[in-house]
Amino acid sequence: MKSVEKNILAIDSSTSVLRVGLLDSTGRIYEAENHDRFRHAEFIFKLIDDVLSQAGLDKNEIEGIVIATGPGSFTGLRVGMAAAKALVLSLGIPMVGLSIYSAIAGRLFREHGRTAVLVPSRRDEYYIGKIETPDFDDSRISVITREQLKTSPELPPLLAIDFDIDRLGLENELGVVS
């Protein structure tokens, strides 16, 4: 991995698992997660402190923030974005938003080729993004129902984020990426 020579904090609060990561100026990655569903506001600053502690850094040494823009839980996204914005304003550093699809598209495409990524929405609906190149176009995120998944023969192998894909009952009709 090429060194970015900056300490970049990453926050993903779009799903039920809160994830915080730090890429330090040497290219080393530190990460922390909290699986206590939908209690992001209680844990976000603790996780940020955890990754900074792992890296031996102080908050003032963060030089930029990447924040997940979803899709996902509105409340979760709001918590992550508010925390990121508070740090950006207090530290005077830049922030960039990135969808979870764009964040994983390059690596996913290199390792698995065409893939469809599913993120739960609600009531048997899922956000779907078809990764067909290393660069993902966020305007291609749509919503699909469980029934549409069962009857969509043109779907590439699926990657489920934040849920067990077996619960869809697709009976291995579609490939699954793990």
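One can find the structure itself at the top, above this paragraph.
Values in this document were obtained by computation on a predicted structure and should not be read as measured data.

Draft legend 1. Seen up close, the pattern of salt bridges. Enumeration over the complete set of coordinates arrives at 10 salt bridges. Note that E111 and R107 form a salt bridge whose closest N and O atoms lie 2.8 Å from each other. One end of the pair is E111 and the other is R107, both in helix α3 (residues 100-112) and 4 residues apart, which spans about a single turn. We classify R107 as exposed; its relative accessible area is 57%. R140 is the salt-bridge partner of E132, the closest N and O atoms lying 3.2 Å from each other. Under the relative-accessibility criterion, R140 is labelled partly exposed at 43%. Among the ionic contacts, a cluster of salt bridges with common partners joins D36, R39 and E42.

Draft legend 2. Geometry of the packing of aromatic side chains. A full pass over the atoms with the stated rule returns 2 aromatic pairs. Relative to F136, the ring of Y101 lies with its centre 5.4 Å away and its plane at 25°, an arrangement referred to as stacked. Within this pair, whereas Y101 is found in helix α3, its partner F136 is found in the loop between β7 (125-131) and β8 (142-145), the two being separated by 35 residues in sequence. Take F136: its relative accessible area is 12%, and that puts it in the buried class. Considering the side-chain rings of Y126 and F163, the 5.1 Å spacing of their centres and the 35° angle between planes classify their relative orientation as tilted. Residue Y126 is located in strand β7, and its partner F163 is located in the segment after β9 (158-160); the two are separated by 37 residues in the primary sequence. For Y126, a relative accessible area of 1% corresponds to the buried category. Taking relative accessible area as the criterion, F163 reaches 12% and is therefore assigned buried.

Draft legend 3. Local environment of the sheet that holds β8. If you walk across this open sheet you meet the 4 strands as β8-β7-β6-β9, and the pairing is mixed. Whereas interior strands pair on both sides, the edge strands pair on one side only; in this sheet they are β8 and β9. On average, each strand axis in the sheet is inclined to that of its neighbour by 35°, with strand direction left out of account. Relative to β9, strand β6 (residues 115-120) runs parallel, the two sharing 3 bridges. Bridge pairing links A116 to L158 in β9. Contacting β6, β7 and β9, α3 crosses the sheet at an angle of about 145° to β6.

Here is what the cut-offs are and how they apply
- Residues numbered from 1 in each chain as written.
- Predicted model: local features only at pLDDT ≥ 70, side-chain atom pairs only at ≥ 80, totals over all residues.
- Heavy atoms only, no water.
- Salt bridge = Lys/Arg side-chain N within 4 Å of Asp/Glu carboxyl O.
- Helix = DSSP H or I, 4+ residues; strand = E, 2+ residues; numbered from the N terminus.
- Buried < 20%, exposed > 50% of the residue type's maximum accessible area, 1.4 Å probe, protein only.
- Phe/Tyr/Trp six-rings, centres within 6.5 Å; stacked < 30°, edge-to-face > 60°.
- Pairing = 2+ DSSP bridges.
- Axes fitted to C-alpha atoms, helices over the stretch in contact; angles between N-to-C directions.
- Contact = heavy atoms within 4.5 Å.

Bear in mind that shape data such as this cannot, by itself, settle questions of function.
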